[in-house]
Amino acid sequence: MRKPVIAGNWKMFKTVGEAHDFWNTASSATIDASKVDAVICAPFLQLPALVEAAKGSSIHIGAQNMHQEKEGAFTGEISGDMLKDLGVTHVVIGHSERRQYFNETDETVNLKTKAALDLGLTPIVCVGESLEQREAGETESVVSKQVAEAFEGLTESEVEKTVVAYEPIWAIGTGKTATADDANQVCQAIRETILDLHGEEAASATRILYGGSVKPANIKELLGKDDIDGALVGGASLEADSFLQLVEAAQK
Ligand SMILES: O=C(CO)COP(=O)(O)O
């Protein structure tokens, strides 16, 4: 039985003050950490305050990116060691917005995933096809290649510790969700890729999330599918109430 993950990706939203407002509501929630991993992935500047606020709660704090090197002359970047030192536990890697706007490639995704695992951070590795690729019938081959390259050189136990998020680019922030069946089919193809490359145990243990316009209204149907183990959520994670409804749905 795979424990579901509900991970909020705040993207470039909220000031530290607004994050505190979120926390005032979220901290009173009863989350059963044995049933769900609830994670908030916030902008770097908010991480110290959020890690502090989350102490004693069942919500994990994650970053939205990290650099693959331990340290060095990389102006403007943040290393995994810096995140680890702060008490951050998760890190989103290879989000489509980073692939699109910040030159993230399958190769850097692989290096970052390895660097995160070496530090004991849980990578949430994002994959997904564009609308053009979907319409050309390339979804599964595109996504399988992204997964294969992201996991290149990882051991079976490292793969098991990694979370994959399938986020079709055309469904992000658009209100268009893949149908639960379509999303499940791609998540199943991802699991098959992991099976082929890393073996049965890795394939059955790895959590695969869906992301793209997930809301309290559609979470139950998505979680009802065999190969969907949770969600990576943008817009609906910004309000504590809706984030907590998603967590609630996953811990049932
Ligand atoms: O990109 C996403 C999460 O990483 C999805 O964003 P939305 O939930 O706003 O569509």
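This one's a predicted model, so the numbers in the text were calculated from it and none came from an experiment.

(A) Main features of the layout of surface pockets. Roughly 490 Å³ of internal volume is contained in the largest pocket. Every residue lining the largest pocket is counted, 16 residues in all, and those nearest its centre are K11, M12, Q64, R98 and F102. Among the residues making up the lining of the largest pocket, the classes are represented as seven nonpolar, five polar and four charged. Taken as a whole, the second largest pocket holds about 310 Å³ of empty space. What lines the second largest pocket is a set of 16 residues, and nearest its centre among them are M1, R2, P4, L223 and D229. In the lining of the second largest pocket, the residues fall into six nonpolar, three polar and seven charged.

(B) Geometry of the side chain of N218. When you line up the elements, N218 lands in helix α11 (residues 216-223). There is a polar contact of 2.7 Å between the side chain of N218 and the backbone nitrogen of K215. Leaving out residues up to four positions away in the same chain, N218 has contacts with T177 and S213.

(C) Seen up close, the UniProt feature "binding site: substrate" (unreviewed entry) in the chain. The sites that carry the UniProt feature "binding site: substrate" (unreviewed entry) are, in the present numbering, N9, W10, K11, G173, S213, G234 and G235. With the annotated positions falling across 227 residues, the maximum pairwise C-alpha distance of 13.9 Å places them together in a single cluster. Of the annotated residues named above, the ones that line the largest pocket are N9 and K11. Take S213: it is sitting in the loop between β7 (207-211) and α11. Classification of S213 as buried rests on a relative accessible area of 13%. Those residues within four positions of S213 in sequence are excluded, and the remaining contacts are A171, G173, T174, G175, K176, T177 and N218. In terms of polar contacts, S213 uses its side chain to reach the backbone amide nitrogen of G175, at 2.9 Å. Locating G234 in the fold gives a position in the loop between β8 (230-233) and α12 (240-250). The class for G234 is partly exposed, based on a relative accessible area of 21%. Setting aside chain neighbours within four positions, we find G234 in contact with N9 and K11.

(D) Fine view of the sheet that holds strand β6 (residues 163-166). If you trace the eight strands once around the closed barrel, you get β1-β2-β3-β4-β5-β6-β7-β8, paired in parallel fashion. Pairs of neighbouring strands in the sheet enclose a mean axial angle of 25°, with direction left out of account. Here strand β4 (residues 90-93) pairs with strand β5 (residues 122-127) via four bridges, running parallel. Pairing of I93 across the sheet is with V125, part of β5.

(E) Seen up close, the nonpolar core. Within the largest apolar cluster, 67 residues are counted, with the highest numbers of intra-cluster contacts made by I6, I40, F151, I190, Y210 and F243. Broken down by element, the residue count for this core peaks at seven residues, all from α12. The residues contacting F151, other than those within four sequence positions of it, are N110, V125, V159, T162, V164, I194 and H198. Counting residues in each nonpolar core, the second largest holds eleven residues, with V5, C41, C126 and V163 among its members.

Conventions adopted
Residues numbered from 1 in each chain as written. Predicted model: local features only at pLDDT ≥ 70, side-chain atom pairs only at ≥ 80, totals over all residues. Heavy atoms only, no water. 1 Å grid on protein atoms, 1.4 Å probe; cavity = no way out; pocket = protein on both sides within 12 Å on 5 of 7 lines; lining within 4 Å. Points joined across faces, edges and corners; volume = space filled by probe spheres on them. Nonpolar A, V, L, I, M, F, W, Y, C, P; charged D, E, K, R; others polar. Helix = DSSP H or I, 4+ residues; strand = E, 2+ residues; numbered from the N terminus. Polar contact = N/O pair within 3.5 Å; in protein donor to acceptor, adjacent residues only side chain to side chain. Contact = heavy atoms within 4.5 Å. UniProt positions renumbered as here; feature names shortened; annotations may be inferred. Buried < 20%, exposed > 50% of the residue type's maximum accessible area, 1.4 Å probe, protein only. Pairing = 2+ DSSP bridges. Axes fitted to C-alpha atoms, helices over the stretch in contact; angles between N-to-C directions. Core = buried A, V, L, I, M, F, W, Y, C linked by side-chain atoms within 4.5 Å.

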